[in-house]
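# Structural features, examined
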Amino acid sequence: MVSKQVTIVSATGLHARPASQFVQVAKEHKSAITIKDLNKGTAPVNAKSIMMILAAGLGTGSKVEIACDGPDEQDALNAILALKDNDEALFSE
């Protein structure tokens with residue numbers, strides 16, 4: 001398992017289009033992928049479920065942990081961390 005703690009820096013947070021992109025990239029990988037809001041201390045949610053991502057309410061400034069576990073875990077984490085919205089990064093380390 002690999003994981004990384006990052007901050008959401010997208011102006012809209014992880015909602016609508018950025019959430020859709022996030023889920024699409026997660027679904028391209030075999031690994032189990034979760035995202036956890038460290039500010040709220042909530043349980044990790046399945047990153048391959050748009051409903052779970054939207055329900056988590058991950059806004060701008062939220063500190064999150066993205067965890068990937070499986071055969072392509074490092075590739076999955078790298079792909080998610082490289083996501084952009086309107087040419088701006090979604091996450092900051």
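Residues numbered from 1 in each chain as written. Predicted model: local features only at pLDDT ≥ 70, side-chain atom pairs only at ≥ 80, totals over all residues. Heavy atoms only, no water.

Judged by pairing direction, the sheet is antiparallel, and its five strands sit side by side in the order 3-2-4-1-7 without closing on themselves. Whereas interior strands pair on both sides, the edge strands pair on one side only; in this sheet they are strand 3 (45–46) and strand 7 (91–92). Taken together, the two bridges between strand 2 (residues 32–37) and strand 3 define a ladder with antiparallel strand orientation. Of the residues in strand 3, the one forming a bridge with I35 is V45. (Pairing = 2+ DSSP bridges. Helix = DSSP H or I, 4+ residues; strand = E, 2+ residues; numbered from the N terminus.)

Now for the pattern of salt bridges. Taken as a whole and assessed by the stated rule, the structure comprises two salt bridges. Across the pair K4 and E93 runs a salt bridge, and its minimum N-O distance is 3.0 Å. Residue K4 is located in strand 1 (residues 2–8), and its partner E93 is located in the segment after strand 7; the two are separated by 89 residues in the primary sequence. Under the relative-accessibility criterion, K4 is labelled partly exposed at 27%. You can call E93 exposed: its relative accessible area is 73%. Linking R17 and D85 is a salt bridge whose minimum nitrogen-to-oxygen distance equals 2.9 Å. Of the two residues, R17 sits in helix 1 (residues 16–27) while D85 sits in strand 5 (residues 84–85), which places them 68 residues apart along the sequence. (Salt bridge = Lys/Arg side-chain N within 4 Å of Asp/Glu carboxyl O. Buried < 20%, exposed > 50% of the residue type's maximum accessible area, 1.4 Å probe, protein only.)

Let's shift gears to the pairing of strand 4 (residues 63–69). By the bridge criterion, six bridges tie strand 1 to strand 4 in an arrangement that is antiparallel. Its bridge partner being in strand 4, K4 is matched across the sheet by I66.

Before going further, it helps to spend a moment on unusual backbone geometry. One non-glycine residue, A16, adopts positive backbone phi at about 50°. Positionally, A16 belongs in helix 1.

The next subject is the UniProt feature "domain: HPr" (unreviewed entry) in the protein chain. Within this numbering scheme, the UniProt entry marks residues 1–93 as carrying the feature "domain: HPr" (unreviewed entry). Helix makes up 30% of residues 1–93 and strand 30%. Its end C-alpha atoms lie 19 Å apart. (UniProt positions renumbered as here; feature names shortened; annotations may be inferred.)

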